[in-house]
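Chain and residue survey
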Amino acid sequence: MPTENLTHILFSNWLHTLQPFGVDQVAAEKVFNCLVAAYSTPSRYYHTLRHIDQVLSTIQILQGYTKNLAAVQLAAWFHDVVYDSQAQDNEERSADYALELLSNLGIPEDTITTVTRLILNTKNHQAAVDDYDSQVLLDADLAILASNLVQYPEYTHAIRQEYAWVAEADYIIGRRQVLEGFLQRSHIYFTPLMSEFAEPSARGNIQAEIQSLLSG
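In what follows, the accompanying structure is described.

About the criteria used
- Residues numbered from 1 in each chain as written.
- Predicted model: local features only at pLDDT ≥ 70, side-chain atom pairs only at ≥ 80, totals over all residues.
- Heavy atoms only, no water.
- Helix = DSSP H or I, 4+ residues; strand = E, 2+ residues; numbered from the N terminus.
- Buried < 20%, exposed > 50% of the residue type's maximum accessible area, 1.4 Å probe, protein only.
- Contact = heavy atoms within 4.5 Å.
- Areas by Shrake-Rupley, 256 points an atom, 1.4 Å probe, with all protein chains shown as cover.
- Expected span 1.5 Å × (residues − 1).
- Lys, Arg positive; Asp, Glu negative; His and termini not counted.
- Salt bridge = Lys/Arg side-chain N within 4 Å of Asp/Glu carboxyl O.
- Polar contact = N/O pair within 3.5 Å; in protein donor to acceptor, adjacent residues only side chain to side chain.
- Phe/Tyr/Trp six-rings, centres within 6.5 Å; stacked < 30°, edge-to-face > 60°.

Examining the overall build of the protein chain
Looking only at helices and strands, one finds 11 helices and 0 strands in the protein chain. The order of helices and strands in the protein chain, counted from the N terminus, is α-α-α-α-α-α-α-α-α-α-α. The C-alpha extent of the protein chain, read off along each of the three principal axes, is 55 × 35 × 30 Å. Taken over 216 residues, the protein chain has a buried fraction of 49%. Of the contacts made within the protein chain by residues no fewer than 6 positions apart, 65% connect residues no fewer than 24 positions apart. Taken as a whole, the protein chain presents about 11,000 Å² of accessible surface, with 53% of it coming from carbon and sulfur.

Some remarks on helix α11 (residues 199-215)
A turn of α-helix holds 3.6 residues, and therefore any two residues three or four places apart point the same way. Between the first and last C-alpha of α11 there are 24 Å, a value that for 17 residues agrees with the 24 Å anticipated at 1.5 Å per step. Looking at the buried residues of α11, the elements they touch are α8 (151-162), α9 (168-183) and α10 (192-197). Just downstream of α11, glycine 216 is the residue with a positive phi angle, here 75 degrees.

Section: the side chain of aspartate 141
Looking at the secondary structure, you find aspartate 141 in helix α7 (residues 132-141). Of the side chains with opposite charge, arginine 185 comes closest to the buried, unpaired aspartate 141, at an N-O distance of 9.8 Å. Separated by 2.8 Å, the side chains of aspartate 141 and histidine 125 make a polar contact. Contact partners of aspartate 141, with chain neighbours within four places excluded, come to Tyr46, His51, Val55, His79, Asp80, Thr122 and His125.

Re unusual backbone geometry
Peptide bonds are, in most cases, trans, and in most cases residues other than glycine have a negative phi. Here the phi dihedral of histidine 125 falls at roughly 50 degrees; this positive angle occurs in a residue that is not glycine. With respect to the helices, strands and loops of the structure, histidine 125 is situated in the loop between α6 (109-121) and α7. A relative accessible area of 12% places histidine 125 in the buried class.

Focus on the packing of aromatic side chains
Applying the stated criterion across every chain yields a total of 9 aromatic pairs. Taken together, a centroid distance of 5.0 Å and an interplanar angle of 65 degrees make the contact between tyrosine 46 and tyrosine 155 edge-to-face. With tyrosine 46 in the loop between α2 (25-39) and α3 (49-62) and tyrosine 155 in helix α8, the pair connects residues that are 109 residues apart, well separated along the chain. Owing to a relative accessible area of 9%, tyrosine 46 belongs among the buried residues under this scheme. Note on phenylalanine 78 and tyrosine 97: the rings are 6.2 Å apart at their centroids and 50 degrees apart in plane angle, and the pair reads as tilted. One end of the pair, phenylalanine 78, is in helix α4 (residues 69-78); the other, tyrosine 97, is in helix α5 (residues 90-104), with 19 residues separating them in the sequence. Accessibility expressed as a relative area gives 0% for phenylalanine 78, which makes it buried.

In structure tokens, the structure reads:
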């Protein structure tokens, strides 16, 4: 379970995001508790509330690039709300979950449409050149790739735990494919800030992880 302090911080952030929409606090707290429960299931090691907190913190840094900051923040909250490492439709189910709960909160339909589109774009981590909101969400979601020498191994270990059902040889093959896919892109990050300051670290971390996988 998340620490009480983290939960308190996230609840404050949640209320702040909902404030412009005039959402009833009791209803807001009910949905927040649903989110906490979803992100606290025993099968999660990386895709937890800690990840959501890190994504929201990065969005805060990149908010100057957004056109609809509230939608980006709401998408961050819901983008991994459904997460099953053996499933292929997590993003679609997360978008449906967001649609249902945000509708119940009375969030405007156009905002919900944007939120669900942003969530679906996390499936392949691709964004159009003029889709600045997706770019910010995707950069925040992948910010962990540029983390330091302590956090990055913690991240890779947590991901491996979420795929504990996969045999080691198969995991190495699959993980290498994912990592090499990022390296083959012309850029991992979209926003100028992340491209300049995070891209080199991310590529270095990914290359090091691939070498580690190859060496066993």
